[in-house]
Amino acid sequence: MATDLGELMVPYMPTIRVPRTGDRVFKSECAFSYDTPESDGGLYVCMNTFLGFGREHVERHYRKTGQSIYLHLKRTVKEKATHAAGGAAPRRRNGKVFLDIELNRDFNGDDYDYDDEAKLVIFPQHFEIRLPNIEELPALVTIACDAMLNAPSPYRKPEPLPWDDEIQVSKHARGLQQLDNGVLIPPRGWKCSRCDLRENLWLNLTDGAVLCGKWFFDGTGGNGHALEHYRETSYPLAVKLDAISPDGADVYSFDEEEAVLDPCLAEHLAHFGIDVLQKKKPETGRMTNGLPAHPGEWELIQESGHKLKAVFGSGYTGIKNLGSSGYLGTTIQVLFSIPEFQRAYVGNLQRIYDYSPLDPTKDFGTQMAKLGHGLLSGQYSKPPVKAELIEQVVKEEHKALERPQQTGISPRMLKALVGMGHPEFSSNRQQDALEFLRHLIGMVERSSGSFENPSDVFRFLVEERVQCCQSRKVRYTQRVDYIMQLPVPIEAATNREELLEYEAKRREAEENMTPPPLPVRAKVPFAACLQAFNEPENVPDFWSSALQAKSAGVKTFRFASFPDYMVVQMKKFTFGVDWIPKKLDVSVEMPDFLDLSRLRATGLQAGEEELPDLAPPIVNSQDPRGNPSTFSDYPEIDESSVAQLAEMGFPLEACRKAVYYTGNMGAEMAFSWILAHMEEPGFAEPLPVPGFAEAAPSAHQLPSFLGGAPPEESVAILTCMGFARKLSIQALQATNNNLERALDWIFTHPEGEEESQGPFEAAEEEPTEDDTFSNGFAFSSTRGLSSSPPSQDQLPPPPRVKDGPGRYELFAFISHIGTSTMSGHYVCHIKKEGRWVIYNDHKVCLSERPPKDLGYIYFYHRLSCS
């Protein structure tokens, strides 16, 4: 038999690989479904790609790749048998075969036992070889099987390699002297105290000086003022400001000339008012992730005081909390309650799966389709059978019987994909659900291509009216947005006297060191929030084109179009001076029906005079000749807005352009500019400086996105890989000469692109009756590059938006429990089939009293005209 098996395996030996360091082995979940080794058909793991497949999907992978050998894993879960005396029988199992396996439930407790089985399966014959079978199988096959069974979880962060240099603790850390000079560092808006640079800034941990780092060979970095400061003062340690997070920060020792560890970093930062490290919350459980901001908030939002009835079936599948991942689960639940998202991903499921790449775990469309199918199919939300309920009652005689619950699905694969490369969403910390929604919409936009883009239902145009207070002239512009952000004016609270009384008692308790009084929650009418949204706001650093100088300016907002679905965020969070996002303890009774018709934009009115269409001078810390700019000739870019955008992960130069091209009118407007232009070539190119175009640049001097030739050495590298020269140049031009991104571009554009193609190609379809195009979309990546405006045929098509009546009905809302976006828990309520349903991680129940006044993000759908 040994000879027979050896001969049988010979044709397949070249396709069998042994997992190496860095290889991810998906032995706990199917790439296309939520099948696991516990599922009826078990899980098939490809012995070449190490991808896992359920019984329904393994045949597709075999047909697509020709890979025939799979490691089949099956786990059988069963309750322990009990003796008449009531004791549990001794555990009997085949040994723990699957190490580091991560499933939806933990069956390693006292009440359950399990048997693991592994075997090789050869396709298409479905020939099975049970394992272990050391004597009969070739050594390579046995080694590969053992390595796969013992491989760590693919979602675990890799351990540092043994040859990596470990960062050492600085000799200055524990005895560092800090000057008591009263310096406090704000959470944003930093600049070098010597040259006004806004990037690559370092905080000296002795005196609190904020200075720029060294100049890098590629032209980035700073002017080395942090090092100069050390040479003048001998203050040894500095921390990089934009790298400070609850997980730590980058610390550099000028004396030791290397990156170092500072075990006292939290205390050193707190000296300058930065408490983000000290206030890091434990991540072991929801209850410890920040206490509720108000007694009863936890119970009210989760409806803990009610006997809720669990519901099962299609659309009622829960999402397992992966550890502070409620922001993801609640957002996904709401999105897949929208028909357009259901149709785009679940309705096109087979097409998406059939055309998925060889590694579907890295394909956004595939993973969204997988998650949508998991939520809507009902396969993972089945009620317990009657016999199970009777057995549970008998078993739990001495305990309080809990209502039956489903286990939910575990979106590890999607979370790993959407968080890839993102400093926050790749972590296990709690995040802001609104930021994640924006991040997810961006990924949907980029992945949709020429196919249906479900995020179109959120897109609308905002008309911004800016008026120069001195000349009284106005400018009307339009920008794309997806979310209506409503301020919450605490001063408009209807229980103002009660709040003042509570505040007086609280201060008295602090002075007398007595227990504080019970908190009082502010009650703000929704009408007051809408009024605050309508009121004009000041424009900081407004540059008036009529005066050719800075002036006072005000701006107001109106809707140039109304989307099919209106997302409303209540701006309950704000940054404190300690860098921690804080939540207002406020109740706003949100209406079930919302009419925004009176906020419809009107455009230029009779008697209004427009501001001249002139761009302000551009700020640059160094001119192209290498001389520092004087800054006196230029209005400053709002660097606080730049910093907010850069914190979201966008390239710094793109953030600068966004703020500049939107006239310093705030981070929200600049963010919309980024969403509209992020797919354009040259998105991250630096701002050009006018006045230095006397000599016409050659093709090699032009930026790549203007048609300049990429570096010849980069072209040579790609052509040596076998790619055509024309395709290589096109890829480099499209990715700002980034080799890694150019390779990705080539793989996604194997035929290249026609010269006429652009980032707005998907928007060039003929509009339907329900579609409206803005004629006044004001933003173009070419603004500021030429003294003459481009012709109409050179302008990119405006963004495609849907329009209709501004009357809406509430159908879902997401609530946050806790005092900060960095901690707490998220729950969502969705109205389905005329009844409200609460989604609390994997628990899905009918809602008895939805807390509409305590929500954070509200979702409205347009009312029909009938």
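The structure under discussion appears in the preceding block.
Quick caveat, the model's predicted, so the values are computed rather than measured.

### What about the overall build of the protein?
Each helix and strand in the protein was counted, giving 21 helices and 30 strands. Relative to its full complement of 866 residues, the protein shows a buried share of 49%. The long-range share in the protein, meaning contacts at least 24 apart out of those at least 6 apart in sequence, stands at 69%. Carbon and sulfur atoms form 52% of the exposed surface of the protein, whose accessible area is close to 42300 Å².

### Comments concerning the nonpolar core
A general tendency of soluble globular proteins is for nonpolar side chains to be buried together. Counting residues in hydrophobic clusters, the biggest one holds 116 residues, and the most contacted among them are Met9, Leu71, Leu120, Ile332, Tyr345, Phe364 and Phe458. No other element matches the 8 residues that helix α13 (residues 433–448) contributes to this core. If we skip the residues at most four places from it in the chain, Tyr345 touches Phe336, Ile352, Phe364, Gly365, Met368, Ala369, Val444, Ser447 and Pro454. Formed by 34 residues, the second largest nonpolar core is a distinct cluster that contains Met484, Phe526, Leu530 and Tyr860.

### So, a nonpolar patch on the surface
Taken together, Ile167, Val169 and Leu261 make up a surface patch of nonpolar side chains, about 250 Å² in accessible area. Within the secondary structure layout, Leu261 lies in the loop between β10 (258–260) and α5 (265–270). Classification of Leu261 as partly exposed rests on a relative accessible area of 41%.

### What about the sheet that holds strand β6 (residues 201–204)?
One open sheet holds the 5 strands; their spatial order is β7-β6-β8-β9-β10, and the pairing between them is antiparallel. Both edges of this open sheet fall to β7 (210–212) and β10, since each of them pairs with a single strand only. For this sheet, the mean angle separating the axes of adjacent strands, direction not counted, is 40 degrees. Note: strand β9 (residues 251–253) against β10, 3 bridges, orientation antiparallel. Along β10, the bridge assignment pairs Tyr252 with Ala259.

### Comments concerning helix α15 (residues 526–534)
Of all the positions in α15, only Phe526, Ala528, Cys529, Leu530, Phe533 and Asn534 are classed as buried. Elements in contact with the buried residues of α15: β13 (483–487), β18 (553–559), β19 (565–571) and β23 (593–595).

### Describing the pairing of strand β30 (residues 855–862)
On any regular strand, side chains alternate: one points to one face of the sheet, the next to the other face. Burial runs high along β30: 7 of the 8 residues are buried. Where β19 meets β30, 5 bridges bridge the pair, whose relative direction is antiparallel. Pairing of Val568 across the sheet is with Tyr858, part of β30. Sheet topology note: the strand β26 (residues 807–817)/β30 ladder contains 7 bridges and is antiparallel. In the sheet register, Leu810 faces β30, and the bridge partner there is Tyr860.

### Quick notes on the environment of Phe573
Mapped onto the secondary structure, Phe573 falls in strand β20 (residues 573–575). The exposure class assigned to Phe573 is buried, which follows from its relative accessible area of 18%. C-alpha separation for the pair Phe573 and Lys583, spaced 10 residues apart in sequence, amounts to 4.4 Å.

Scoring rules and cut-offs
Residues numbered from 1 in each chain as written. Predicted model: local features only at pLDDT ≥ 70, side-chain atom pairs only at ≥ 80, totals over all residues. Heavy atoms only, no water. Helix = DSSP H or I, 4+ residues; strand = E, 2+ residues; numbered from the N terminus. Buried < 20%, exposed > 50% of the residue type's maximum accessible area, 1.4 Å probe, protein only. Contact = heavy atoms within 4.5 Å. Areas by Shrake-Rupley, 256 points an atom, 1.4 Å probe, with all protein chains shown as cover. Core = buried A, V, L, I, M, F, W, Y, C linked by side-chain atoms within 4.5 Å. Patch = residues over 30% accessible without salt bridge, like charges linked within 9 Å, V, L, I, M, F, W, Y side chains within 5 Å. Salt bridge = Lys/Arg side-chain N within 4 Å of Asp/Glu carboxyl O. Pairing = 2+ DSSP bridges. Axes fitted to C-alpha atoms, helices over the stretch in contact; angles between N-to-C directions.

Function cannot be read off these values alone, since they describe shape.
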